[in-house]
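Here's the letter readout for the chains.
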Amino acid sequence: MRQCEVLVIGGGPAGLSAAIEAAKAGAQVVVVETNREVGGQLVKQTHKFFGSSRHRAGTRGIDIAKILRKQCEDLHVELKVNSLVMGIYADNVVAIDEKKSLTEHNIERIQAKKIVISTGASENSIRFPGWTLPGVMGAGAIQTMCNYHRVIPGRKLLMIGSGSVGLIVCYQLMQAGAEIVGIVEALPHINGYAVHASKLTREGIPIYTGYTIKEARGKERVEQAVIAKVNPDWSTVPGSEIVLDTDIVAVGAGLKPLIGMAHMSGCEFVYDKALGGWAPCHNKNMESTHKGIYVAGDTTGLEEASTAIEEGTISGIAIAESLGYIPKDKAKTLKDEGWERLAGLRSGFKGEDRVKAKMKQLNRYDEVMKGGK
Amino acid sequence: MRVMNHPVLGEQKDIEWVTIIFNGKPMKAEKGEMILAALHAENQIVNRYTAKRHEPRGIYCGIGQCTDCMMVVNGIPNVRTCITPVEDGMTVEIQEGLGKWRGDK
Amino acid sequence: MYLDHGVVTKEELIAAGHYPSEARMKKGPVAVCECLQKIPCNPCESSCPAHAIHIGENISNLPELCEDKCIGCGSCVVACSGLAIFLLDKSYSDKVGSVSFPYEYLNNYQKGDVVKAADRSGKNVCMGTIKKIITTPKADHTTVVTLEVPIEYVDEVRSIYREK
């Protein structure tokens, strides 16, 4: 069976950052990526990122993807694309299904000394009459189609959810030439960053706070959406319905960590709403309760690409340290710097909740490792 | 519709075209793009009809997770068209129910 | 309240100490950071050649503008990832002034064009004349449009009206 030092599952911002740090120190790294190119969701993030300008703030996500990929290539990280990890088995054996063509697949097993799980997240959906109609889709899905595949399956869009994803996607759809008929938010206030909302309002896009979607109508595809005011108990106010002509209803109802791989490995989990639900807990090396398996990025709690990069970086350093490529003291300095940057990114709007949730994960890790349940 | 020009991504130039056969009719597609993208460019949004209620389904996740975009491709049913690239001459059909395996290519 | 519908008001900005003084705007272009929410982000601070914007070690602090140091260059307008910084200028005359804003949409606008100007809610409030359209490689596809408008609308206009 093929052996490698470090195997990274998922070539998004977290996975690539882990690979870069480990490879930089001298480790041999394989990144397994299910899509045909690495970059994760960065490949469709056309906006400039927040963060510290000492790092990559002000750079567009699409460009960060290119930078990370180039670094991996320069460091001779093996980028195994079109390859789906089917499972992690005993003794760190990873089974991989590489898609060669429509009908040909190559199944391979690789045994790794260290594994990084950086599988990201998946979108939440909400159910309402008509939600299965073609034209109702995830907010991330329409962003992928528009910014990555460069097609828009319609002309007019209604967004459900005013989180940062919903707001950003509306802005980007408008940049691509689509019309935004509005944004519906069940909460009485904007849920994402207000500056993202302001970009839309000054273009005349209505944000219906305190409203929800009641129904999507159409025969073969969405033609209309019915929205209505919500009561404090989340029921709708009779007679408050507004009918909007639209051919896309995008659902931006948040995301949840993709935890299948961590679950299969027997990692311990912690539930926290602020991080999108259940996520594997870890220590300050980003190592899960399963020794030798590290977790980084959205898979261990919903945050942003910038935090995913930092978590990946820390895990890569810790891995290089445990493989003997970086001396302990140097690794400590580098990791501390990473945690400091993370603290910066976890400050401000909604930051406190994430800090608390991350603390819960670290504490749970200690508890489990001490033998408590 | 195709996003031919974009304020950040720039203009799409020198597209190399191939032809796919959609439900028996030729359709233009950009070389290497996903089948679903080619269909969306032509405003074709229905991918399949469900087995029990014959309801239409179209893109939901766009990244190979949800299976709403499954179609019959080259006679093979249940192909996720959002992550399968086009090839010149490829046949793509709206799938009925669970689809039938024909394997004509 | 800006969180209700996303529309910031001048009163909220003044209350937060975020709005330049009338006297400063009379002297020439000055930045206004319409950023009222703590975001872990500081490119406005580091982009300023005059060190007029202060955020500090905690990158979630709100930007504080020193209006006397601000030279009205617009570096922060293109650096702001939230597209929330504008330049206001009331030095032209008693009748007209200008607003500069970031613009990332496809357009064929040219200097001298007369366009409908939109306020923070997207409403057409007056007409404006395009004075400048600046696109630099450093701005990475963020164009800065300078619109001359009646002076009483300098505090209101923030974009070009989008036809329905």
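Residues numbered from 1 in each chain as written. Chains lettered and ligands numbered in written order. Predicted model: local features only at pLDDT ≥ 70, side-chain atom pairs only at ≥ 80, totals over all residues.

## Looking at the overall build of chain B
Secondary structure summary: chain B contains 1 helix and 8 strands in total. Along chain B, helices and strands appear, N-terminal first, in the series β-β-α-β-β-β-β-β-β. Its C-alpha atoms give chain B a radius of gyration of 14 Å, within 12% of the compact-globule value 13 Å for 105 residues. Overall, chain B is about 45 × 25 × 20 Å in size when its C-alpha atoms are taken along their principal axes. Sorting the 105 residues of chain B into buried and exposed places 40% on the buried side. (Helix = DSSP H or I, 4+ residues; strand = E, 2+ residues; numbered from the N terminus. Rg over C-alpha atoms; globule rule 2.2 N^0.38 Å. Buried ≥ 20, exposed ≤ 12 C-beta atoms within 10 Å, placed from the backbone.)

## Some points on helix α9 (residues 351–369) of chain A
Residues and elements named next belong to chain A. In this model α9 runs 27 Å from its N-terminal to its C-terminal C-alpha over 19 residues, within 8% of the 27 Å that 1.5 Å per residue would give. The complete set of buried residues in α9 reads R354, A357, K358, Q361 and Y365. When α9 is viewed along its axis, its buried side chains cluster within an angular range of 100 degrees and face the same direction. With respect to the buried face of α9, the exposed residues turned more than 90 degrees away are E352, M359, N363 and D366. (Expected span 1.5 Å × (residues − 1). Arc of directions from axis to C-beta.)

## A look at the confidence of the model for chain C
Averaged over all residues, the pLDDT of chain C equals 96, while 100% of them reach at least 70. Across the interface, the model reports ipTM at 0.97; the global pTM reads 0.96. (pLDDT = per-residue confidence, 0-100.)

## Remarks on the interface of chain A and chain C
The parts lose accessible area when they come together, and the size of an interface is often stated as this lost area. Counting residues at the interface gives 33 residues for chain A, matched by 36 residues for chain C. Elements with a minimum of two residues in the side of chain A that touches chain C: α5 (194–201), β11 (207–209) and α8 (328–345) of chain A. Tallying contributions element by element places α5(A) first for the side of chain A that touches chain C, with 8 residues. (Contact = placed C-beta atoms within 7 Å.)

## A closer look at helix α4 (residues 164–175) of chain A
Residues and elements named next belong to chain A. The end-to-end C-alpha separation of α4 is 16 Å, in line with the 16 Å expected for 12 residues at 1.5 Å each. α4 sits mainly inside the fold: 11 of its 12 residues count as buried. Contacts made by the buried residues of α4 are with α3 (139–148), β9 (156–160), β10 (179–185), α5 and β15 (248–251). Backbone geometry just downstream of α4 places G177 in the positive-phi region, at approximately 105 degrees.

## Quick look at the environment of E311(A)
Residues and elements named next belong to chain A. Note on placement: E311 falls in helix α7 (residues 305–322). Linking E311 and A274, residues 37 residues apart in sequence, is a C-alpha distance of 17 Å. In contact with E311, not counting residues within four places along its chain, are A14, M286, A296 and G297.

## A word on the sheet that holds strand β13 (residues 224–229) of chain A
Residues and elements named next belong to chain A. Ordered by their spatial adjacency, 3 strands build an open sheet running β12-β13-β14, and the pairing between neighbours is antiparallel. Looking at the sheet topology across the chains shown, the edges are occupied by β12 (211–217) and β14 (242–245). Pairwise comparison of adjacent strand axes, ignoring direction, gives a mean angle of 30 degrees for this sheet. Judged from the 6 bridges that link them, β12 and β13 form a sheet pairing that is antiparallel. In the strand pairing of β13, R217 is matched with Q224. (Pairing = 2+ DSSP bridges. Axes fitted to C-alpha atoms, helices over the stretch in contact; angles between N-to-C directions.)

## Here's the deal with the sheet that holds strand β2 (residues 25–30) of chain B
Residues and elements named next belong to chain B. In space, the 5 strands of this open sheet follow the order β2-β1-β7-β5-β6, with mixed pairing throughout. Looking at which strands have only one partner, the edges of the open sheet turn out to be β2 and β6 (76–80). Averaged over all neighbouring strand pairs, the angle between strand axes comes to 40 degrees, with direction disregarded. With 2 bridges joining them, strand β5 (residues 70–73) and strand β7 (residues 91–93) adopt antiparallel strand pairing. Directly across from V72, in β7, lies its bridge partner E93.

## A word on the interface of chain B and chain A
Contacts between chain B and chain A engage 30 residues on the former and 27 residues on the latter. In terms of residues, the side of chain B that touches chain A owes the most to one element, helix α1 (residues 35–41) of chain B, which gives 3 residues.

## Quick look at the environment of K156(A)
Residues and elements named next belong to chain A. Locating K156 in the fold gives a position in strand β9. The exposure class of K156 is partly exposed, given the 19 C-beta atoms found within 10 Å. Linking K156 and D247, residues 91 residues apart in sequence, is a C-alpha distance of 5.6 Å. With residues up to four places along the chain from it excluded, the contact list for K156 reads A178, E179, V181, D245, T246, D247 and I248.

## Remarks on the packing of α4(A) against α5(A)
Residues and elements named next belong to chain A. Their axes nearest at 9 Å, the elements α4 and α5 cross at an angle of 30 degrees. With respect to α5, the element α4 is oriented roughly parallel. As α4 runs across α5, the sense of the crossing is left-handed. Across the interface between the two elements, S164, L167, I168, C170 and Y171 from α4 touch H196, A197, K199 and L200 from α5. When the residues that make up the contact of α4 with α5 are grouped by side-chain class, the tally is 6 nonpolar, 2 polar and 1 charged. (Parallel < 35°, antiparallel > 145°, perpendicular 65-115°, else oblique. Left-handed = near helix turned anticlockwise from the far one by under 90°. Nonpolar A, V, L, I, M, F, W, Y, C, P; charged D, E, K, R; others polar.)

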